[in-house]
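# Coordinate inspection notes
Next come the chains, spelled out residue by residue.
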Amino acid sequence: MGVNTAVQTNKKTFGQWLRSRKGQQTVIIVAFIIIPLLLLFTFTYLPFAEMVKFGFYKMKYVGARKFVGLDNYRALFARKDIVSSLKLCLYYMAGALIQIAMALYLATILSMKVKASGLFKGLIFFPYLINGIAIGFIFKFFYTRGFVFDTVLQWCGFQLNNLPYWLKDQSINNWSLVGSSVWRYCGQQMVLFIGAIMSVDDTLYEAADLDGANKFQQFRYIILPSIKTIVTLNIILSITGSLSAFEAPFVITDGANGTGTFFVVMNTIAHTNQKVGLASAMAVFLLCIIFICTILQKLFFKFAFRNMNADDESRSAKKKRMKAAAAKGGR
Amino acid sequence: MKWQQVMAAAVAATMTLSLAACGGSGKSGSSGGDVTDVKYADIKLGEDYTDLKADLKMMTNRTDMLDEGYTGEKTWAQYLEEFNKEYPDIKVEIEGITDYSEDSLLRLQGGDWGDIMMIPEVDKSDLSTYFLSYGDVDSVSEQVKYPNRWLYDGEVYGLPITAVGRGIVYNKRVFSEAGITAAPKTPEEFIEALKKLKGKTQAPLYTNYAAGWTMGAWDDYTAVAATGDGTFRNQKLVHAKDPFSDPGDGTGAYNVYKILYDAVEQGLTEDDFSTTDWEGSKNMLNSGQIGCMVLGSWAYPQVKSAGDKGEDIGYMPFPMTIGGKQYSPADEDYCFGINVSSSADNQTAALVFVKWMTEKSGYSYNEGGLPLAVGDENYPEVYDEFLANNVEFVSNEPALEGEEDTLNELNADSELMVAANGNDKIQEIVEHASNKDKSFDDIMKEWNQKWSDAQEMDGVEVK
């Protein structure tokens, strides 16, 4: 009998359960989580799944679709223009590394005691605030023969005849474009680094000063270990970002004259040539590359920073302490 | 719980009401279903329907003409004023749309757009679901010169607001100072002329490479101007075997593109093609720093007004002679389409208005376009040299039945995009000519290969 009543009390009606504290909790949790999940699903995963599907079709935006299996992926590797556009990423990756080194350098200097550091920060950060399209137009004129850049170089004593055509010469035009993107994003990264550096405890610098550490040693042993997470993050973001470089080549050169990056070529194939299937395959392929790059970088940084896990204690000091402890324990 | 239900009901009610309001405002004249049986050709302007009462709504891409300060000949308000002198009871309300090509498609699909619109890029097979037919092509073409743009199943669904010819904008003063008295008529003569200009201007021919679409403009000369044949673009090109090979007589697409290649290779264009500037080039041509640019006649007034030497600017036919005669394409601008679901009265009134705009308003003349009505030979001054040289204007005939989409398919599969924003391929001509890393014949061979691959892929018969 007792068992029976227990079952009955457990078997509340659905309405009762809904009104109970536990039921309300569940309802709230589900209600709160379902909206973001639904949005995420409808606007991210569903379109993405559709895009992966498109990659297996020969199709335009409108009209009939034809299933072609892996033909688009085969075409992707067979086409010289796509493969060579991927190589251009190397320029942007090199640019990204230079950019991070510069940003780190400037951030370190500006977070030490510098006069008018606020002004410098503002000036260096300013390019990031300008619209990317406007930057494109600025640099188009900047690199035009005999315009800004050439004039400045002529002040420095260069002869116009010895200067290359910055956007026409295919051996140099990609560097010109990379330069414009470094100019734009350097300030933003610098600000991120400054933010990270400010979280370092000031007393550490004082202690280091007392111990006679110079500025470089302070950077090497105090600043860099403290902000290594943000450095890693920035490197990963800029390397993956350089794989999908788009704005500079699209606006400045329209992707012509050997400056068409993977994204620009993809855009042309999708929108001018209306080969949506091939473009989707390219997008999936790019995603795979980005995954691989990110994983490789993660592994690399795990390896590179393996020694930096012991906070502010040097390895030798740690060894000594362990030894001492061992000796104590042995006695 | 109750309170929530009330709220939900209230929200739902407001939404329905606002939807109904949206639907109601636009369909003022719509009584649904009944279609006017009046045809374009039957209307006699100034005699029929002068007492017809209707309120029309029209959508236009020419927002600049709604502005009082429009620098052209006449504003919309002025055209409407003239129209209302003859038809006092047909009121036309004009709505300007800035991003026309995209927004008009959305409005068209929404169904709430008024009575007359400039037909956006729709499939020809869908024309009859949206637009009223002006009548069969034979009856319309007795009165209008260019009814082909929106022709489907023998019925005309769109009439152009204007049509433009294509030649070369040039600086007359610079040409005559270089000793060029007669306009060149063949590619060789044209290259010779550019050579004479070298040293007298910064760029005898300005490519406008960087803008992209200005390069794609070269495609527009490869059909009528290069063959004299109105059926080439939409009927023959799709079946042509190696359309980019040299016909040997200085005509055809091959020789059009060769002008560009030769000019760049021989240094007859600007110093640095990668930083050309379209807006600035208009003024440079006006002041004589540039010799000429290959652009449609719409560019002529812009170049003329881009500086204080407007009187130096001329417009010459494209330097290509086919069997002793020069040709210019007559390319239709946006076309008037009439809403098939408007009321019969509104449709009749719209037909009257379109007919008046086409034949009586002088719109095409005022905007520098070709005369549209049959029998009208009143050309604006931009075509003076075309008339003097007896250039024939030919419009592209529509594709054959069942092949309406073939050109689009071949264009997409070959990625050449002839006359469909295929800017990259022409930019490549400039690059290869400048870097001297690929001969012109090799480029054309590559294009022929792409074209025949696409023909094979799509199963198009090669004749």
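As a reminder, the structure under discussion sits directly above these lines.
Residues numbered from 1 in each chain as written. Chains lettered and ligands numbered in written order. Predicted model: local features only at pLDDT ≥ 70, side-chain atom pairs only at ≥ 80, totals over all residues. Heavy atoms only, no water.

## A few points about the overall build of chain B
Each helix and strand in chain B was counted, giving 19 helices and 15 strands. In terms of C-alpha radius of gyration, chain B reaches 25 Å, essentially the compact-globule figure of 23 Å for 463 residues. With 463 residues in all, chain B has 52% of them scored as buried. Of the side chains in chain B, 38 bear a positive and 81 a negative charge, and the two mean positions are spaced by 4 Å. (Helix = DSSP H or I, 4+ residues; strand = E, 2+ residues; numbered from the N terminus. Rg over C-alpha atoms; globule rule 2.2 N^0.38 Å. Buried < 20%, exposed > 50% of the residue type's maximum accessible area, 1.4 Å probe, protein only. Lys, Arg positive; Asp, Glu negative; His and termini not counted. Charge placed at Lys NZ, Arg CZ, Asp CG, Glu CD.)

## Concerning the overall build of chain A
Across its full length, chain A carries 17 helices and two strands. In chain A, which comprises 331 residues, the share counted as buried stands at 36%. Taking the intrachain contacts of chain A between residues at least 6 apart in sequence as the baseline, contacts between residues at least 24 apart amount to 64%. Counting only carbon and sulfur atoms, one obtains 68% of the accessible surface of chain A, whose full area is about 20800 Å². (Contact = heavy atoms within 4.5 Å. Areas by Shrake-Rupley, 256 points an atom, 1.4 Å probe, with all protein chains shown as cover.)

## As for the sheet that holds strand β11 (residues 313-317) of chain B
Residues and elements named next belong to chain B. Read across the open sheet, the four strands follow the order β9-β10-β8-β11; overall the sheet is mixed. Where the open sheet ends on each side, the last strands, each with one partner, are β9 (203-205) and β11. Ignoring strand direction, the axes of neighbouring strands in this sheet form an average angle of 25°. Summarising the sheet, strand β8 (residues 167-171) and strand β10 (residues 290-293) pair through two bridges and their orientation is antiparallel. (Pairing = 2+ DSSP bridges. Axes fitted to C-alpha atoms, helices over the stretch in contact; angles between N-to-C directions.)

## Here we look at the sheet that holds strand β14 (residues 335-338) of chain B
All names here are of chain B. Read from one edge of the open sheet, five strands run β2-β1-β3-β14-β6, paired in mixed fashion. The outermost strands of the open sheet, each flanked by one partner alone, are β2 (90-96) and β6 (159-160). Inspection of the sheet shows β6 paired to β14 by two bridges, in the antiparallel sense. Within β14, the position partnered with Pro 160 by the bridge is Cys 335. In the packing of helix α2 (residues 76-86) onto the sheet, the strands contacted are β1 (54-60) and β2, and the crossing angle to β2 comes to about 170°. Across the sheet, helix α14 (residues 344-359) touches β1, β2, β3 (116-118), β6 and β14, and the angle it forms with β1 is around 55°.

## Quick look at the packing of helix α10 (residues 173-198) of chain A against helix α13 (residues 228-243) of chain A
To characterise two packed helices, one gives the angle between the axes of the helices and the distance between these axes. All names here are of chain A. Between α10 and α13, the shortest axis-to-axis distance is 10 Å and the interhelical angle comes to 165°. The pairing of α10 with α13 is recorded here as roughly antiparallel in orientation. Crossing handedness for the pair α10 and α13: right-handed. Of the residues in α13, those in contact with Gln 189, Leu 192, Phe 193 and Ala 196 of α10 are Ile 230, Val 231, Asn 234 and Ser 238. Within the contact of α10 with α13, the residues separate by chemical class into five nonpolar, three polar and no charged. (Parallel < 35°, antiparallel > 145°, perpendicular 65-115°, else oblique. Left-handed = near helix turned anticlockwise from the far one by under 90°. Nonpolar A, V, L, I, M, F, W, Y, C, P; charged D, E, K, R; others polar.)

## Regarding the packing of aromatic side chains
The full count for this structure, using the stated rule, is 50 aromatic pairs over all chains. Within the aromatic cluster, the residues linked to one another by ring pairs are Phe139(A), Phe142(A), Tyr143(A), Phe149(A), Trp166(A) and Trp183(A). The ring of Tyr165(A) carries Lys168(A) above its face, with NZ or CZ at 4.6 Å from the centroid. Stacked on the ring of Trp150(B), the Lys or Arg Arg149(B) has its end atom at 4.3 Å from the ring centre. (Phe/Tyr/Trp six-rings, centres within 6.5 Å; stacked < 30°, edge-to-face > 60°. Lys NZ or Arg CZ within 6 Å of the ring centre and 35° of its normal.)

## Observations regarding the nonpolar core
Residues and elements named next belong to chain B. Core analysis: the largest hydrophobic core is formed by 81 residues, its most contacted members being Leu 194, Trp 218, Phe 244, Tyr 257, Phe 318 and Met 444. Looking at this core, the element that brings in the most residues is helix α11 (residues 252-265), giving nine residues. Mapped onto the domain boundaries, this core takes at least three residues apiece from domain 1 (31-164 + 333-373) and domain 2 (167-329 + 404-457). Aside from chain neighbours lying at most four places away, what touches Phe 318 is Arg 166, Gly 167, Ile 168, Trp 218, Tyr 221, Ala 225, Val 256, Ile 259, Val 294 and Gln 326. One finds Ile 43, Leu 56, Tyr 134 and Trp 356 within the second-largest nonpolar core, a separate group that totals 52 residues. (Core = buried A, V, L, I, M, F, W, Y, C linked by side-chain atoms within 4.5 Å. Domains from an automatic or database assignment.)

Function cannot be read off these values alone, since they describe shape.
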